[in-house]
Amino acid sequence: MSAQQTFTVDVPGAVLTYDVRLPAGTSDAPPLFVLGSPMAASGFTQLLGHLDDRAVITFDPRGAERSTLAPDGEVSVELHADDFHRVVAAARPLIGDRPVDVFASSGGAVNVLPWVVAHPDELGTVVAHEPPLWALLEDRDVQRKVTADIVETYQRDGFGPAMAKFIQVSMQDAPLTEDYLALPAPDPAMFGLPTEDDGSRGDLLLDGNMRALPWFEPDLDALRRTGVRLLPAVGEQGPGTMPRRGGEALAAALGVEPVVFPGDHGGFASNEWSPDNDPAAFAARLREVLAG
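What you see is a predicted model; the values in this text were computed from it and never measured.

A. The pattern of salt bridges, seen in detail. By the definition in use, this model includes 16 salt bridges. The residue arginine 66 makes a salt bridge to aspartate 60 at a minimum N-O spacing of 2.7 Å. Relative accessible area serves as the criterion here: at 0%, aspartate 60 is assigned to the buried category. For arginine 144, the salt bridge goes to glutamate 217, with nearest N and O atoms at 3.5 Å. Of this pair, arginine 144 sits in helix 4 (residues 140-157) while glutamate 217 is found in the loop between helix 6 (204-212) and helix 7 (220-225), placing the two residues 73 residues apart along the sequence.

B. Spatial organisation of the nonpolar core. If you look at the biggest cluster of nonpolar residues, it comprises 43 residues, and the most contacted ones within it are Phe33, Val102 and Trp115. Take this core: its biggest share by element is seven residues, from helix 2 (residues 77-95). Apart from residues lying up to four places away in sequence, tryptophan 115 is in contact with Phe33, Ala81, Phe84, His85, Val88, Val100, Val102, Pro120, Glu122 and Leu123. In this structure, Val34, Leu51, Phe282 and Leu286 belong to the second largest nonpolar core, which totals 20 residues.

C. Local environment of the environment of glycine 192. Positionally, glycine 192 belongs in the loop between helix 5 (159-170) and helix 6. Sequence separation between glycine 192 and alanine 164 is 28 residues, and the spatial gap between their C-alpha atoms is 9.2 Å.

D. Highlighting the side chain of histidine 85. With respect to the helices and strands, histidine 85 occurs in helix 2. In terms of polar contacts, histidine 85 uses its side chain to reach the side chain of glutamate 122, at 2.5 Å. Those residues in contact with histidine 85 that lie beyond four places of it in its chain are Trp115, His119 and Glu122.

E. Local environment of the layout of surface pockets. What the second largest pocket holds in volume is close to 180 Å³. Lys145, Val146, Asp149, Ile150, Lys165, Gln168, Tyr180, Leu181, Leu183, Pro184, Ala185 and Pro186 together form the lining of the second largest pocket. Looking at the lining of the second largest pocket, the elements that each hand over two or more residues are helix 4 and helix 5. Among the elements that make up the lining of the second largest pocket, the one with the highest residue count is helix 4 (four residues). Here the residues of the lining of the second largest pocket sort into eight nonpolar, one polar and three charged.

So, how was this worked out
Residues numbered from 1 in each chain as written. Predicted model: local features only at pLDDT ≥ 70, side-chain atom pairs only at ≥ 80, totals over all residues. Heavy atoms only, no water. Salt bridge = Lys/Arg side-chain N within 4 Å of Asp/Glu carboxyl O. Buried < 20%, exposed > 50% of the residue type's maximum accessible area, 1.4 Å probe, protein only. Helix = DSSP H or I, 4+ residues; strand = E, 2+ residues; numbered from the N terminus. Core = buried A, V, L, I, M, F, W, Y, C linked by side-chain atoms within 4.5 Å. Contact = heavy atoms within 4.5 Å. Polar contact = N/O pair within 3.5 Å; in protein donor to acceptor, adjacent residues only side chain to side chain. 1 Å grid on protein atoms, 1.4 Å probe; cavity = no way out; pocket = protein on both sides within 12 Å on 5 of 7 lines; lining within 4 Å. Points joined across faces, edges and corners; volume = space filled by probe spheres on them. Nonpolar A, V, L, I, M, F, W, Y, C, P; charged D, E, K, R; others polar.

Honestly, it's all geometry; don't read function into it.
The following block contains the structure:
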């Protein structure tokens, strides 16, 4: 693959940084946009090393890493979706006019849905990998209460206590009941998190996505009408976890079977928490799925 080229594009309320990697030779494969939220481009580094057969776009969401959020800038599912559209438009001189394929992870797999509805002509195949879709879950009311408590904890006590609560709920492998709300708050030190509040706020996950995502209602009828090849996907590991259930629920709502990928929620990256994830196997499965 040729060297990465990095650019910025001004969008309402933010300046986005995006990267374009072109294959060393000619390629018949459509361009691929790899995105997440709050995960930025750096989180996909291992996966990108195995996707050298096509043009690939990555970017940092508004407010994450290299992308900045204006003091009065907002974060919402719809704004993220419009950001995707604007990044692709800016990258057209390098990637051409073909519809782009998309691999969207986690919150990105939620944010991509309004883009599918608004600009279906821009898109080929869209893989929505483990979208945390509160609205489609049987325990959505409890999940929303838990999420609201995490946001409130972040504003009151700071990053460590709030992130500890986020990690704790992310580990649950079954629908939540009201009893979950009565559990004691976890100790941030258990997860290697700071116990003191440093006073900083503005974390994209805890102060952005956690406010916006729980209330997003996908327009299922509009999604069905677009003609875009929209593929809800799940990891083979982690049954019962909330994002996996979100992927299964979206597939059921669209009348399709979820596509299964190797690994867990972040199966495209191997790390100390998920050492058995295999980015090469994940990339091979992604190429297979995109090829149809």
